[in-house]
Amino acid sequence: MKDSDIRRYARLMRELGLTGLEIDETKGTLRLECAQIAPPPAAPALASAPVTPALEAAPAGALTVTSPIVGVFYAAPMENAEPYVKIGDRVKKGDVLCIVEAMKLMNEIVAEADGVITDICVQDGQLVDYGCVLFRMEAQA
């Protein structure tokens, strides 16, 4: 059997998603097997549609933190870790509030002013759009 024939059969297996092939061209015998690679883990159910920006007016003295990019919102630095912030937490300018993952890059979203977190507008693992309101804060002097 020629090398080109073997490569052709291997391509055919990939195209058709086959996990085994056996050919016996009069005892020339060829048997190709391929281990089934597990599919990538499914995205969280909440990540099916991006959240669009909220257009409601914020009360006086309220600040909003919006997503600067499209990506997946993570409230904590890793799975099963404490979230960066909770409702009622005081934050200072520059404190990390969350992570938005875009194209496998983890982008820290930081507070742009001192304040108290009054609302977390999205859920962990949720897909967010550019300009989507992530947090509402009450400004502190």
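Residues numbered from 1 in each chain as written. Predicted model: local features only at pLDDT ≥ 70, side-chain atom pairs only at ≥ 80, totals over all residues. Heavy atoms only, no water.

J.: How should the layout of surface pockets be read in this particular structure?
T.: Rolling a probe over the atoms, with the probe sized like a water molecule, indicates the empty space that remains. Taken as a whole, the largest pocket holds about 210 Å³ of empty space. In terms of lining, the largest pocket is formed by Tyr74, Ala75, Ala76, Pro77, Met78, Glu79, Ala81, Pro83, Ile99, Met106 and Asp124. In terms of residue class, the lining of the largest pocket is built from 9 nonpolar, no polar and 2 charged. (1 Å grid on protein atoms, 1.4 Å probe; cavity = no way out; pocket = protein on both sides within 12 Å on 5 of 7 lines; lining within 4 Å. Points joined across faces, edges and corners; volume = space filled by probe spheres on them. Nonpolar A, V, L, I, M, F, W, Y, C, P; charged D, E, K, R; others polar.)

J.: Before we go on, may I ask you to explain the sheet that holds strand β5 (residues 90-91) in this structure?
T.: Within a sheet, adjacent strands bond to each other through the backbone by hydrogen bonds, running parallel or antiparallel. Strand order across the open sheet formed by 4 strands is β3-β10-β8-β5, with antiparallel pairing between neighbours. Where the open sheet ends on each side, the last strands, each with one partner, are β3 (62-66) and β5. When β3 meets strand β10 (residues 133-139), the two strands line up antiparallel, connected through 5 bridges. The residue of β10 that forms the bridge with alanine 62 is glutamate 138. (Pairing = 2+ DSSP bridges. Helix = DSSP H or I, 4+ residues; strand = E, 2+ residues; numbered from the N terminus.)

J.: What exactly am I supposed to notice about the pattern of salt bridges here?
T.: Pairing of side chains with opposite charge becomes possible as their charged atoms draw close. Across all of its chains, the model carries 1 salt bridge by this definition. Between lysine 86 and glutamate 82 there is a salt bridge, with its nearest N and O atoms 3.3 Å apart. Among the residues examined, glutamate 82 registers a relative accessible area of 57% and is labelled exposed. (Salt bridge = Lys/Arg side-chain N within 4 Å of Asp/Glu carboxyl O. Buried < 20%, exposed > 50% of the residue type's maximum accessible area, 1.4 Å probe, protein only.)

J.: In this structure, what is going on with the packing of aromatic side chains? I would like to understand it.
T.: Given two aromatic rings, one states the distance between the centres and the angle between the planes to describe the pair. Applying the stated criterion across every chain, the model contains 1 aromatic pair. Between phenylalanine 73 and phenylalanine 135, the aromatic rings sit 6.0 Å apart at their centres with planes inclined by 55°, giving tilted as the arrangement. Linking phenylalanine 73 in strand β4 (residues 71-74) with phenylalanine 135 in strand β10, this pair joins segments that are 62 residues apart in sequence. (Phe/Tyr/Trp six-rings, centres within 6.5 Å; stacked < 30°, edge-to-face > 60°.)

J.: Mind showing me how you'd approach the environment of alanine 76 here?
T.: Of note, alanine 76 is situated in the loop between β4 and β5. Using a relative accessible area of 11% as the deciding quantity, one classes alanine 76 as buried. A sequence separation of 22 residues divides alanine 76 from cysteine 98, and the C-alpha atoms of the two residues are 6.4 Å apart. Residues within four places of alanine 76 in sequence aside, it is in contact with Ala81, Glu82, Pro83, Tyr84, Ile99 and Asp124. (Contact = heavy atoms within 4.5 Å.)

J.: Help me understand the sheet that holds strand β9 (residues 127-128) in this model?
T.: Sheet architecture is open: 4 strands sit in the order β7-β6-β4-β9, paired in antiparallel fashion. The open sheet terminates on both sides in strands that have one partner only, identified here as β7 (105-110) and β9. The pairing of β4 with strand β6 (residues 96-102) spans 3 bridges and is antiparallel. Its bridge partner lying in β6, phenylalanine 73 is registered against valine 100.

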